[in-house]
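So the chains spell out like this:
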Amino acid sequence: MNMKTTLNEAAQPAPVPPPGQHKRWIMLALPIVVAVLLLLVPTPAGLEPYAWHFFAIFVGVIVGLIFEPLPGAVIGLTGVVVIALFSQFVLFSPAELAKPGFKVATEAFKWGVSGFGNSTVWLIFGAFMFAAGYDKTQFGRRLALILVKYLGRRSLTLGYAITFADLLLAPFTPSNTARSGGTIYPIIANLPPLYGSKPNDPSARRIGSYLMWVAITAACITSSMFLSALAPNLLALALVKSVVGFDISWGMWFLAFLPLGVLLILTMPLLAYWLYPPEVKVNDEVPRWATAELQKLGKLSRNEILLLIFVVCALLMWIFATAWIEPAMAALLVIILMLWTGVLNWSDITSNKAAWNTFAWFATLVALADGLARVGFIAWLGKEGGMLLQGYDPQVSAVVLLIAFYLLHYLFASTTAHTTALLPAMLTIAAAIPGINMPVFCLMLCTSLGVMGIITPYGTGPSPIYYGSGYLPTKDYWRLGTIFGLLFLVLLMLIAYPWMVMLF
């Protein structure tokens, strides 16, 4: 009997892996395979081997973020740790390694955690805490109910309401992260649940996904419309003045982008409605229900009033006090005030998984993206691009440089880093090509900084906030980012470029 049982067991087929297990292993292996293949490719001429090795690992991380076999924070942290462990071969130049007293392990660790000291990373974290305050006090719910009461019958009108709210704040808030994370997102995060739309759930497509995509797209458009709507815009202004000697005024910037900006603001919510339609189109009951719910909420509570005061103070600091207090520090100050006054308690901070996840994910990406410039890869790329354009028609060269500047944003987790690393190189290359209209070229580069942020879930400060909301799945974000990013680039060429040539 025992022998028979043993033989029967031996004849049994091997356990079949659960459905999807093979696919998961393929997704896990794909970033590693891509990185290893690039590592095996001979180093391009003019580039140091360690810089090419860094780029290979960076591309592997990006592939991992696209297919997401593990959470984005795990992928980013893995990339940082791998580079830090093999820093002698992928991060530091031979000259650095030869310096007396240079401690590889110490410097590698400093680089690895450098992203956690980035002000944008902390501003994003602060935005999640603002949202927690709106949620706990129910002030966000109150504002959401007011929006739904007057505009909530149609999903499309809610999309336009979000867009125009960002447009009104943009000229006065020189940080799209502060604007979106501190004001817009905490309010609209309360809208989807009113329609039974939940994050990280199939019901997200009822309306939440549409509203979140409209919000991030509006933030990118308004960041290009106004010189004062995005901090890197001001940095770009200084770099243009330094490299080319061309002055760009607030009015010149606004006028240069005006036709395209107006077109995008008026059509973008409708375009998103067509390309990423909400399941809920019209709902007559919800506005009536919202009216009844507002009556139940009654008057503003003590904590709601305090939160309103703190948010207004944050806005005032972001608009008028950036010379004295960093926007991220202003956000941290407001968080401290919320903790001291009981609007939030410490457990609200420590239990906010979305905030900590996004904090770790974006901080590692900032370090990785900054590392590309550190190892000299960006400078090499700019030099090679300039050499390739020698002898071509000036207009063709200008268009190629503009497209390259735009698409290379895939390599950056910060518009500030992109501006610092690439703008001077692009300006220098263009200035060396006879026949390029430099005022128009400068304006095209600078006004593209906002809209290019749409292409990835890490492309600009608000991106991780909306991506981390749970309403925009990874595959949807990359697909829509590609579609809208390509559309913005084409319209820049077809509408903004001819308009600027006519003006300047």
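No experiment lies behind these values; they were computed from the predicted model shown.

Quick notes on the rules
Residues numbered from 1 in each chain as written. Predicted model: local features only at pLDDT ≥ 70, side-chain atom pairs only at ≥ 80, totals over all residues. Heavy atoms only, no water. Helix = DSSP H or I, 4+ residues; strand = E, 2+ residues; numbered from the N terminus. Rg over C-alpha atoms; globule rule 2.2 N^0.38 Å. Contact = heavy atoms within 4.5 Å. Lys, Arg positive; Asp, Glu negative; His and termini not counted. Charge placed at Lys NZ, Arg CZ, Asp CG, Glu CD. Polar contact = N/O pair within 3.5 Å; in protein donor to acceptor, adjacent residues only side chain to side chain. Axes fitted to C-alpha atoms, helices over the stretch in contact; angles between N-to-C directions. Left-handed = near helix turned anticlockwise from the far one by under 90°. Nonpolar A, V, L, I, M, F, W, Y, C, P; charged D, E, K, R; others polar. Phe/Tyr/Trp six-rings, centres within 6.5 Å; stacked < 30°, edge-to-face > 60°. Buried < 20%, exposed > 50% of the residue type's maximum accessible area, 1.4 Å probe, protein only. Lys NZ or Arg CZ within 6 Å of the ring centre and 35° of its normal. Core = buried A, V, L, I, M, F, W, Y, C linked by side-chain atoms within 4.5 Å. Disulfide = S-S within 2.5 Å. Salt bridge = Lys/Arg side-chain N within 4 Å of Asp/Glu carboxyl O. Expected span 1.5 Å × (residues − 1). Patch = residues over 30% accessible without salt bridge, like charges linked within 9 Å, V, L, I, M, F, W, Y side chains within 5 Å. Areas by Shrake-Rupley, 256 points an atom, 1.4 Å probe, with all protein chains shown as cover. pLDDT = per-residue confidence, 0-100.

1. Focus on the overall build of the protein chain
Broken down by element type, the protein chain carries 25 helices and zero strands. By the compact-globule yardstick of 23 Å for 504 residues, the protein chain fits well, its C-alpha radius of gyration being 25 Å. On the principal axes, the C-alpha backbone points of the protein chain span a range of 95 × 70 × 45 Å. Taking contacts inside the protein chain between residues at least 6 apart in sequence as the whole, the part at least 24 apart equals 80%. Measuring between centres, the 27 positive side-chain charges of the protein chain sit 7 Å from its 20 negative side-chain charges.

2. Some points on the side chain of threonine 137
With respect to the helices and strands, the residue threonine 137 is situated in helix H8 (residues 119-137). From its side chain, threonine 137 meets the backbone oxygen of glycine 133 in a polar contact 2.8 Å long. There is a polar contact of 3.2 Å between the side chain of threonine 137 and the backbone nitrogen of phenylalanine 139.

3. Comments concerning the packing of helix H9 (residues 139-151) against helix H15 (residues 285-297)
Direction vectors running N to C along H9 and H15 enclose 145°, while the axes themselves pass 8 Å from each other. Judged by the sense of rotation from one axis to the other, the crossing of H9 with H15 is left-handed. Counting all contacts with H9, which are made through Arg141, Arg142, Leu145, Ile146, Val148 and Lys149, the residues of H15 involved are Val286, Pro287, Trp289, Ala290, Thr291, Glu293, Leu294 and Leu297. Here the residues of the contact of H9 with H15 sort into nine nonpolar, one polar and four charged.

4. Observations regarding the packing of aromatic side chains
Working definition: an aromatic ring pair is given by the centre-to-centre distance plus the angle between the planes. Going through the model one piece at a time under the given rule, you end up with 26 aromatic pairs. When the ring of tryptophan 213 is compared with that of tyrosine 477, the centres are 5.2 Å apart and the planes differ by 85°; the resulting orientation is edge-to-face. Here the residue tryptophan 213 occupies a position in helix H12 (residues 208-225), and tyrosine 477 occupies one in helix H25 (residues 474-503), the gap between them amounting to 264 residues. Given the relative accessible area of 0%, tryptophan 213 is considered buried. One aromatic cluster in this structure is built from Trp213, Trp361, Tyr467, Tyr477, Phe484 and Phe488. Above the ring of tyrosine 273, the side-chain terminus of lysine 281 is found at 6.0 Å from the ring centroid.

5. What about the nonpolar core?
Ranked by size, the top nonpolar core spans 173 residues in total, and within it Trp213, Phe377 and Phe441 carry the most contacts. Per-element tally for this core: the top contributor is helix H3 (residues 49-67), with 13 residues. The contacts of phenylalanine 441, once residues within four sequence positions are left out, are Ala398, Leu401, Leu402, Met426, Leu427, Ala430 and Ile436.

6. Things to note about the state of the cysteines
For the coordinates displayed, the defined rule picks out zero disulfides. Free of any disulfide, cysteine 446 has its nearest cysteine sulfur in cysteine 442, 6.4 Å distant. By relative accessible area, which is 1% here, cysteine 446 ends up buried.

7. Overview of the pattern of salt bridges
If you walk through the whole model with that rule in mind, you get nine salt bridges. Arginine 374 is paired through a salt bridge with glutamate 96; the nearest N and O atoms lie 2.9 Å apart. Placement of the pair is arginine 374 in helix H19 (residues 353-374) and glutamate 96 in helix H6 (residues 94-97), with a sequence separation of 278 residues. Look at arginine 374 and you get partly exposed, because its relative accessible area is 36%. A salt bridge links arginine 153 to aspartate 284; the nearest nitrogen and oxygen atoms lie 2.4 Å apart. One end of the pair, arginine 153, is in the loop between H9 and helix H10 (155-169); the other, aspartate 284, is in the loop between helix H14 (250-275) and H15, with 131 residues separating them in the sequence.

8. Quick word on the environment of leucine 230
Relative to the helices and strands, leucine 230 is located in the loop between H12 and helix H13 (231-243). C-alpha of leucine 230 to C-alpha of isoleucine 349: the two residues are 119 residues apart in sequence and 27 Å apart in space.

9. What about H9?
Compared with the 18 Å implied by 1.5 Å per residue over 13 residues, the 18 Å span of H9 between its first and last C-alpha is a close match. Of the surrounding elements, those touching the buried residues of H9 are H8, helix H11 (176-188), H15 and helix H16 (302-320).

10. Overview of a nonpolar patch on the surface
Judged by side-chain polarity, Leu300, Ile305, Leu308, Ile309, Val312, Leu316 and Phe320 come together as a nonpolar surface patch covering roughly 610 Å² of accessible area. Along the chain, valine 312 turns up in helix H16.

11. A closer look at the side chain of threonine 474
Positionally, threonine 474 belongs in helix H25. One polar contact links threonine 474 to tyrosine 467, side chain to side chain, over a distance of 2.6 Å. The residues contacting threonine 474, other than those within four sequence positions of it, are Leu65, Ile66, Glu68 and Tyr467.

12. Concerning the confidence of the model for the protein chain
A residue-level look at the protein chain finds 95% of positions with pLDDT of 70 or above and a mean pLDDT of 86. Note that pLDDT drops below 50 for residues 3-11; the model gives that stretch zero contacts with residues more than four away or on any other chain.

13. So, the packing of H3 against H19
With their axes 10 Å apart at the nearest point, H3 and H19 run at an angle of 150° to one another. Our pair here, H3 against H19, has a crossing hand that is left-handed. Touching Phe54, Phe55, Phe58, Val61 and Leu65 of H3 are Trp361, Leu365, Leu368, Ala369, Gly371 and Leu372, all from H19. Classifying every residue of the contact of H3 with H19 gives ten nonpolar, one polar and no charged.

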